[in-house]
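Observations on the three-dimensional arrangement
Here is what each chain is made of, one letter per residue.
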Amino acid sequence: MKKITLAALILSAFAASAQAQSTNVQIYGLVDLGFAKISGQSLIERENHPSRLGFRGTEDLGGGLSAVFNLEQEILADTGAQKGNLFDRQSWVGLKGDFGTVYLGRTKNIVDGAQGKIEPFGADGYLGKINEAAFRVGVSSSRVSNALTYVAPKTAGVTFSAQYVASEVSGAKAGYDLLVQYEDGPVYLHAGYEKAVQAAATTTDQPSMWMFGGAYKFGDLRLSAAHASGDTHVAATGEYKANQFGANYTLGQGDLKLSILRQKNSNNKYSDKDMVKTINAGYEYHLSKRSDLYAQYGREQVKSQNVIQIGMTHRF
C-alpha cells in the first residue's frame, strides 16, 4: 500500500508541475515479460529487457540553456514489485546547452553503456546479461552513484564523454571514465577507459580497464566486434580479457541476431582460463515501433547450460 501511495503521489506531483510550469515532463517506460527454460531448471517467468518506469524533463532557461533531469526505477513485471531502491537506474539533474550536457547524480556508467551499441541483443536477454557482466572484465559496473557526467556535442560524427565518480569515503580514491564514440552512416566506433571508484580506503591500485569496439552495416546486415581488458590489481582475481562478435540481419518484419562472447582470466593460480563462453541466437519480430515479440536460444559452454526464451516487449 505504501508503494502504491508513493507512486500515486509522484505521478500527481509531476503532472501538477508540468501544468503549472514551463517544464516539459515526459513519463516513459518499458514492460517486458516472457518465459525461459534453462537446462536443469524449472520453467520460469522472466524479462528480456529490464522493465522500468521513468520521468524525464527539460526547462528552457533562455539563451540556449536548459535544465534537465531524469528519474528511473526498475520494475519486476512478473510481480509488479519495485527492484532495488527507488529510481535506482537513473537519478540526476543537470544543464544542457551549446557546450553539451553536464549532470550530477546516479546514472549509467558511460563505458559500460557503450556495450549496447555493439552487442546485438543490447546486452539484454539471459545470455545477454551474462555477456554484459563478462564484458565488464572484473572492473566496470552498470550504474555509478555520486557521479558528475559530461557529454560533449557531437562534432563531425565524434562524441566525447567523461565521468567523475566521488568515493565519499575518507582515504578512498575517486573513479573516472573516458569514452570516445564515432558514428556516421553505416560506421560506428568507440574506445573507453575506466578507473573504478574505491569503496574503501586501501593501498591497492584501483581496478582499471580499457575497451574498444566497432560495427559496420552492409545493407540489411550489421556486423560488430569488441574487446575489453581489465586488471583488478588483486592477485586472487587478476586480469580479465573479453572478446565479442555479433551480427544483426533484417529479415521480414524483424531482426535475426547472433552474439558470441569469450572471457578469459589470469591470476596467481592459473593463466588464460575460460570463464565465460556464450553463443546467443534469436529473432525479434516488430509488431510496431514500440512492441516486439522475441524468441532466442543460448548456450554457455563453460557451465554447459542451455536456455530458450520467448516473450514480448512494449515501450511507452
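Calculation rules
Residues numbered from 1 in each chain as written. Predicted model: local features only at pLDDT ≥ 70, side-chain atom pairs only at ≥ 80, totals over all residues. Heavy atoms only, no water. Helix = DSSP H or I, 4+ residues; strand = E, 2+ residues; numbered from the N terminus. Polar contact = N/O pair within 3.5 Å; in protein donor to acceptor, adjacent residues only side chain to side chain. Contact = heavy atoms within 4.5 Å. Core = buried A, V, L, I, M, F, W, Y, C linked by side-chain atoms within 4.5 Å. Buried < 20%, exposed > 50% of the residue type's maximum accessible area, 1.4 Å probe, protein only. Pairing = 2+ DSSP bridges.

Attention now moves to the side chain of Asp32. Inspection of the secondary structure puts Asp32 in strand β1 (residues 24-38). Within the structure, the side chain of Asp32 is placed 2.7 Å from the backbone nitrogen of Asn48, a separation counted as a polar contact. Those residues in contact with Asp32, other than ones at most four positions away along the chain, are Glu47, Asn48, His49, Ser51, Ala77, Tyr294, Met312 and Thr313.

One finds Phe135, Val137, Met209, Met211 and Ala228 to be the most contacted residues of the largest nonpolar core, which totals 20 residues. Among the secondary structure elements, those contributing two or more residues to this core are α2 (110-113), β12 (208-218), β13 (221-231) and β14 (239-251). A total of three residues in this core trace back to one element, the largest contributor, which is β12. Sequence-distant contacts of Ala228, defined by excluding residues within four places in its chain, comprise Phe135, Val137, Met209, Trp210, Met211, Tyr240, Lys241 and Ala242.

Here strand β11 (residues 187-195) shows one buried face, formed by Tyr188, His190, Gly192 and Glu194, and one open face, formed by Val187, Leu189, Ala191, Tyr193 and Lys195. Summarising the sheet, strand β10 (residues 175-184) and β11 pair through nine bridges and their orientation is antiparallel. Opposite Leu179, over in β11, you have Gly192 as the bridge partner. The antiparallel hairpin formed by β10 and β11 contains two residues in its connecting segment, where Gly185 sits at a positive phi of about 60 degrees.

Here the focus is the pairing of strand β15 (residues 254-266). Summarising the sheet, β14 and β15 pair through 13 bridges and their orientation is antiparallel. If you follow Gln244 over to β15, its bridge partner there is Leu261. Remark: two residues form the turn of the hairpin made by β14 and β15, two consecutive strands paired antiparallel; Gly252 in that turn has positive phi of roughly 65 degrees. Judged from the twelve bridges that link them, β15 and strand β16 (residues 273-286) form a sheet pairing that is antiparallel. Residue pairing for β16: Leu258 is matched across the bridge by Ala281. Between β15 and β16, which pair antiparallel and follow one another directly, the connecting turn spans six residues, one of which, Asp272, has a positive phi of 50 degrees.

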